[in-house]
Amino acid sequence: MKFETKIISIVLILCMLAGVFVNARSDESIFEEFSFFSNKTTLRLWYTDDAITPYLQSMAIKFSEKNRNVRVEPKLVSGMEYLEEINKASVEDKNFPDIFVTTNDTLEKVYCAGLALEADNSEGFFNKVLFPKAALDSVTYKGKYVAYPFYFETSALVYNKTYLENYAKEQMEKKKQEEESVEQEPALEESNENAGEGDSSENAEDTEKANEESSEASSEEPSDEAGEENSGEGEEGEDLEGEDAEAEEVPEDDDFSTEAVNEEINDILSSDFKSIQDIINFSRKYEAPDKIKSILEWDVNDIFYNYFFVGAYMNLGGDAGDNINVENIDQDIAIYNGNTISCMKVYQQLKQFFAIDAKEISYDDMATRFLKGEILFTIATTDIFKKYDEIKVEDPLSITADGGELYEFAVAPAVPELPNGLKTRTMSVTNCLVVNGYSEHPDVAEDFARMICMDEKDDIYKMSHKLAAHYGIDYGHDGINKFVDIYADSVSMPKTIQTSNFWMELEIAFAKIWDDEDADCNAILKELSESIKTQVMGQEYHDQVIQDPIDQPITAGLSEEGD
């Protein structure tokens, strides 16, 4: 019997191990399938960016603490065929996610596939008090909210604050000296007038006094005692003269207050850096430190950093990027128009002022050189602060100014405008939380998404270096807070499947125009517009030719170098 018992025990153990192995291979949890182990609801969350793992784990714990009968399971998965894998798992009912993270440009695809539930907005959850306009646009599809804004990325004009502070102080000192000079002019004029009136009488008195002293000197010889007394009086006179000199010495001015310097910087930004033309003018008069190699530089290869040149006048499906009607194709796809042609012509001319070699530059290299003080201004994304923190730990000397302190950096209120009154506008991409249409727990998934959208702590940045796509968070850093403001007015990436290759085509168009100073901006934009419209229409489409706008060249109104 004992032998048979041992055999049975071994068989049972082997069966249990085989079951665990099979379950592990199926990626399912044995604890969630049997109420014997747990009666909790399991909410599965899929995502592809490992950077947000710490934040999602912390929010999962927080949600489970508030909802004792729910367990949230965040799962990092491969970005390769990500949506296809979600669809396959959902259709086959194999451990699919109840909620997942994806970028806003994929929302038409996931909604049409049944992978996105319309969010409940009966109580006005999606409002402009909680969310920036760009966030609301990013999750809107055909008038419905089909996801929850999670975090975003956009670009902005970033500058070396240390250099600009020094420049601001120099300007403040010049203004102060000019004001003092103006104040002293009336006093100097009055002094000169008095001096002129008194010259004749003083000369007569001096002559009479000299004659008297001469006659006294000839009749009397000075004694030693008198000499000593006179000597003592002389020393005393010298001491008093020294004290008077010290009293007249102008004390050194205290440093300008931080508030005053920041105010001066804001004035400079609004005047000297409001437009690209202003920056060119500044580069001609600025006495740059030896370390600075470029006043302005950005990655001309990446559409994310170039788009602001045409962002104010290019339209693809309206604000939400979801509305393209073939009957209204020219309005719904506005790529080729007078303003975009003018903007591209400005972009083309910039190469003569900022000699950026597209073959040599990359964003990472440019960002590193900027942080090391070699570039004054750049167009950067929110990751610039993370790169700065990394260099500060790995190689702090490389980002150290001449005074021994680390360089400081700041974000301008807006990207610079273009000449001829042309506006600019950046692009943004928003990562969203999507409630799976196949989920058996959609209400729980929505509660979890709403909790993240209402999180007012800056943990998302501290843990993941991401910026939340909702208001209510103070990141404790003026530059990071400004990125949120810039994001609010940005152009959200469109969602339409038919135009999914638009960004690649636009990037190619920018490259052609930058690389060839004789490239025809008009023809290139017309070709791009016709290509996208042909895709949407399903047949060849041709735009009417637009005459080139008569714009002043970018050199018009520029000051002479050194002025």
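Position numbers for residues count from 1 along each chain, tracking the sequence in the order it is written. Given that this is a predicted model, residues contribute local features only at a pLDDT of at least 70 and side-chain atom pairs are listed and counted only at 80 or more, while totals for whole chains, interfaces and linings are drawn from all residues. In computing side-chain properties, one takes all heavy atoms of the structure into account and sets aside hydrogens as well as water.

Draft legend 1. The arrangement of the pairing of strand β10 (residues 375-381) in detail. Judged by how many residues are buried, β10 sits mostly within the fold: seven of seven residues are covered. Of the strand pairs in this sheet, strand β6 (residues 148-160) and β10 are connected by five bridges, and their pairing is antiparallel. Within the sheet, the bridge partner assigned to leucine 157 lies in β10 and is isoleucine 379. Being paired, for any two strands, means DSSP has found at least two bridges between them. The secondary structure listing takes helices from DSSP runs of H or I that are at least 4 residues long and strands from runs of E that are at least 2 residues long, numbered from the N terminus. Here strand β7 (residues 294-297) runs beside β10; their pairing, made up of three bridges, is parallel. Burial status follows relative accessibility: with a 1.4 Å probe on protein chains alone, a residue under 20% of its type maximum counts as buried, one over 50% as exposed, and anything between as partly exposed.

Draft legend 2. Spotlight on unusual backbone geometry. Positive phi values are uncommon outside glycine, yet glutamate 81 reaches one of about 50°. Relative to the elements of secondary structure, glutamate 81 occurs in the loop between β2 (70-76) and α4 (82-91). Even without being glycine, asparagine 95 reaches a positive phi, approximately 55°. Along the chain, asparagine 95 falls in the loop between α4 and β3 (99-103).

Draft legend 3. Expanded view of the nonpolar core. As used in this record, nonpolar core signifies buried Ala, Val, Leu, Ile, Met, Phe, Trp, Tyr and Cys residues forming a set joined through side-chain atoms within 4.5 Å. By size, the foremost hydrophobic cluster in this structure holds 157 residues, and its most contacted members are Phe150, Trp298, Phe448 and Leu506. The element that contributes the greatest number of residues to this core is β6, accounting for eight residues. Discounting chain neighbours no more than four positions away, the residues touching phenylalanine 448 are Leu43, Leu45, Met59, Ala60, Phe63, Val72 and Ile99. Contacts are assigned to residue pairs with any non-hydrogen atoms lying within 4.5 Å of each other.

Draft legend 4. Quick look at the packing of helix α13 (residues 338-349) against helix α19 (residues 502-515). Contact geometry of α13 with α19 gives a least axis separation of 9 Å together with a crossing angle of 50°. Here α13 is positioned oblique relative to α19, judged by the angle of their axes. The two elements α13 and α19 meet at a crossing, and its hand is right-handed. Contacts between α13 and α19 involve Met344, Tyr347 and Gln348 from the first element and Leu506, Phe510, Ile513 and Trp514 from the second. Working convention: axes come from line fits to C-alpha atoms, limited for helices to the stretch in contact. Angles between N-to-C directions cover 0 to 180 degrees. If an angle is under 35 degrees, it is roughly parallel; if it is over 145, roughly antiparallel; if it lies from 65 to 115, roughly perpendicular; otherwise it is oblique. By definition, any crossing whose near helix is turned counterclockwise from its far helix by less than a right angle is left-handed, and any crossing with a clockwise turn is right-handed.

Draft legend 5. Quick peek at helix α3 (residues 53-66). By this rule the span expected of a helix is its residue count minus one, scaled by 1.5 Å. Between its first and last C-alpha atoms α3 spans 20 Å; for 14 residues at 1.5 Å apiece the expected length is 20 Å, and the two agree. Along α3, the positions that sit buried rather than exposed are Thr53, Tyr55, Leu56, Met59, Ala60, Phe63 and Ser64. End-on view of α3: buried residues confined to an arc of 165°, all on one side of the axis. Looking at the buried residues of α3, the elements they touch are β1 (41-47), β2, β6, α16 (442-453) and α17 (459-464). The directions from the helix axis to the C-beta atoms are what the arc is built from.

Draft legend 6. Seen up close, α13. Relative to the 16 Å expected for twelve residues at 1.5 Å per residue, α13 spans 17 Å between its end C-alpha atoms, a close match to the ideal helical length. Within α13, burial applies to Thr340, Ile341, Ser342, Cys343, Met344, Val346, Tyr347 and Gln348. In this fold, the buried residues of α13 make contact with α11 (303-306), α19 and α20 (521-537). Any N or O atom pair separated by 3.5 Å or less is treated as a polar contact, with the protein-specific requirement of one donor-capable and one acceptor-capable atom, and with residues adjacent in sequence counted only for side-chain atom pairs. The N-terminus of α13 is capped by asparagine 337, whose side-chain oxygen sits 3.1 Å from the backbone nitrogen of asparagine 339.

Draft legend 7. Geometry of the state of the cysteines. We call a pair of cysteine sulfur atoms a disulfide when they lie within 2.5 Å. Taken as a whole and judged by the stated rule, the model has zero disulfides. Free of any disulfide, cysteine 432 has its nearest neighbouring cysteine sulfur in cysteine 453, separated by 9.2 Å. Of the residues examined, cysteine 432 reaches a relative accessible area of 0% and is grouped as buried.

Draft legend 8. Looking closely at the side chain of aspartate 332. By the secondary structure assignment, aspartate 332 is in helix α12 (residues 329-332). Just so you know, the count uses Lys and Arg for positive and Asp and Glu for negative, and it drops His and the chain ends. We define a salt bridge as a side-chain nitrogen of Lys or Arg found within 4 Å of a carboxyl oxygen belonging to Asp or Glu. One buried charged side chain, aspartate 332, makes no salt bridge at all; its nearest oppositely charged neighbour is lysine 142, positioned 8.4 Å away. Among the polar contacts made by the side chain of aspartate 332, one reaches the main-chain amide nitrogen of asparagine 325 at a distance of 2.8 Å. Residues in contact with aspartate 332, not counting those within four places in the same chain, are Asn315, Leu316, Gly317, Asn323, Ile324 and Asn325.

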